[in-house]
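# Topology and contacts: notes
The primary structure of each chain is shown beneath.
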Amino acid sequence: MPAPELPVQLYGLERSVYTRIARLALEEKGVPYALQEVEIFGPAGVPAEHVVRHPFGRIPVLRHGGFMLYETASITRYVDEAFDGPPLQPATPGERARMNQIVGLLDAYAYRPLVWGVFVERISAPRSGRAPDEARIADALPSCERALAALTALTTPDQPLLLGPSPTLADLHLFPMLRYFALTPDGRAMLARFTRLDEWLKRMDLRPSVEGTRSVYERTEA
Ligand SMILES: N[C@@H](CCC(=O)N[C@@H](CS)C(=O)NCC(=O)O)C(=O)O
């Protein structure tokens, strides 16, 4: 007899940055879930059944019973508010605003240069038989630098994580992006100059939620 379906399903890909952000929230909250792999990057494009879940064809999408949700920042807030477990959002309006500001900054200004501009060119392109586009990398690096400087300025000083002693949704949103960036020599060289973020990355790397969501790229890290 098939196992009963878990109430929380996440449609995405293990190697996807945004899927991992949602998974980190589920793992930190201790919510059981099933990851349903949806290959959106294949030659056939986004599967038709996924466009029904997400009109823009992106991942992840969360299903909780009959409730469907896309957009990762909405998913992680929902996971934090709908389930028991350690709170992932600060209590005061000011701290909460700072957390949301970091999440917004990452979506708007950091994801594209860190992940597509540097990581995809330097790591995934060669693995799929294509030479890195050096011009694209060179073009992305100043945006990466600006994003890391802005992030550093928004963190709370002398705290182990970005805004305090325990993770918030801002830590979970940044981690997969910066982890991929740090797999590249360009990223490591830049992070050596952003010691607050470099130390934060090493601390986050020890969390069980991170260990439980490693992607193929980290497992075969050079
Ligand atoms: N705004 C979306 C962005 C999600 C996103 O860009 N996910 C990537 C995978 S990490 C994706 O689906 N990329 C496909 C594409 O860019 O066409 C969210 O917050 O969920």
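Let us look at the structure shown here. (Residues numbered from 1 in each chain as written. Predicted model: local features only at pLDDT ≥ 70, side-chain atom pairs only at ≥ 80, totals over all residues. Heavy atoms only, no water.)

## A word on the pairing of strand S2 (residues 34-37)
Formally: We call two strands paired when DSSP finds no fewer than two bridges between them. Only DSSP runs of H or I reaching four residues or more are called helices, and only runs of E reaching two or more are called strands; each is numbered from the N terminus.
Of the pairings in the sheet, the one linking strand S1 (residues 8-12) to S2 comprises four bridges and is parallel in character. Bridge pairing links Leu10 to Leu35 in S2.

## Considering the nonpolar core
How we decide: Note on terminology: a nonpolar core comprises buried Ala, Val, Leu, Ile, Met, Phe, Trp, Tyr and Cys residues joined through side-chain atoms within 4.5 Å. Relative accessibility under 20% of the residue-type maximum defines a buried residue, over 50% an exposed one, and the middle range a partly exposed one, all with a 1.4 Å probe and only protein chains included. Throughout the structure description, domain borders are defined by an automatic or database domain assignment. Any two residues whose heavy atoms approach within 4.5 Å at even a single point are treated as in contact.
Core analysis: the largest hydrophobic core is formed by 59 residues, its most contacted members being Leu114, Leu148, Met177, Leu178, Phe181, Leu197 and Trp200. If one sorts the elements of this core by residue count, helix H4 (residues 93-127) sits on top with twelve residues. Split by domain, the residues of this core number at least three in each of domain 1 (8-82) and domain 2 (93-219). Trp200 has contacts with Pro160, Leu161, Leu162, Asp171, Leu174, Phe175 and Leu178, leaving out every residue within four places of it along the chain. Membership of the second largest hydrophobic core comes to six residues, among which are Tyr11, Leu13, Val38 and Val61.

## A closer look at the site of the ligand
Note the following rule: Here a residue is considered near a molecule or strand provided that any single heavy atom belonging to it is located within 4 Å of it. Here a polar contact is taken to be a pair of N or O atoms separated by no more than 3.5 Å, where protein atoms must pair a possible hydrogen donor with a possible acceptor and residues adjacent in sequence count only if both atoms sit in side chains. Here the accessible surface of atoms and residues is derived via Shrake-Rupley with a 1.4 Å probe, and residues count as covered only by protein chains that are part of the display.
Every residue close to the ligand is listed here: Ser16, Val17, Tyr18, Ile40, Phe41, Arg58, Ile59, Glu71, Thr72, Tyr111 and Arg112. Taking Ile59, its main chain carries an N or O atom lying 2.9 Å from a nitrogen atom of the ligand. Expressed as a share of its isolated accessible area of 510 Å², the protein-covered part of the ligand is 83%.

## Re the packing of aromatic side chains
For the record, the criterion: Planes of paired rings set the category: under 30 degrees apart is stacked, over 60 is edge-to-face and the rest tilted, where pairs are Phe, Tyr or Trp rings (Trp by its six-membered ring) whose centres lie within 6.5 Å. Cation placement over rings: the criterion is NZ of Lys or CZ of Arg within 6 Å of the ring centroid and within 35° of the ring normal.
Across all of its chains, the model carries nine aromatic pairs by this definition. On the numbers, 6.4 Å between centres and 85 degrees between planes, the contact of Tyr78 with Phe83 is edge-to-face. Considering the side-chain rings of Phe119 and Tyr217, the 5.0 Å spacing of their centres and the 90 degrees angle between planes classify their relative orientation as edge-to-face. Here the residue Phe119 occupies a position in helix H4, and Tyr217 occupies one in helix H10 (residues 216-219), the gap between them amounting to 98 residues. Assessed through its relative accessible area of 13%, Tyr217 is described here as buried. Taken together, the aromatic side chains of Phe67, Tyr78 and Phe83 make up a single cluster linked through ring pairs. Here the guanidinium or amino end of Arg53 rests over the ring plane of Tyr11, the centre of that ring lying 3.9 Å away.

## Re helix H1 (residues 17-29)
Selection criterion: Expected helix span is taken as 1.5 Å per residue step, with the number of steps being one fewer than the number of residues.
For H1, spanning 13 residues, the distance from its first C-alpha to its last is 19 Å, which sits close to the expected 18 Å at 1.5 Å a residue. The buried fraction of H1 is high, at twelve of 13 residues. Along H1, the residues classified as buried are Val17, Tyr18, Thr19, Arg20, Ile21, Ala22, Arg23, Leu24, Ala25, Leu26, Glu28 and Lys29. A positive phi of about 75 degrees marks Gly30, the residue just after H1.

Distances and angles like these do not, on their own, reveal function.
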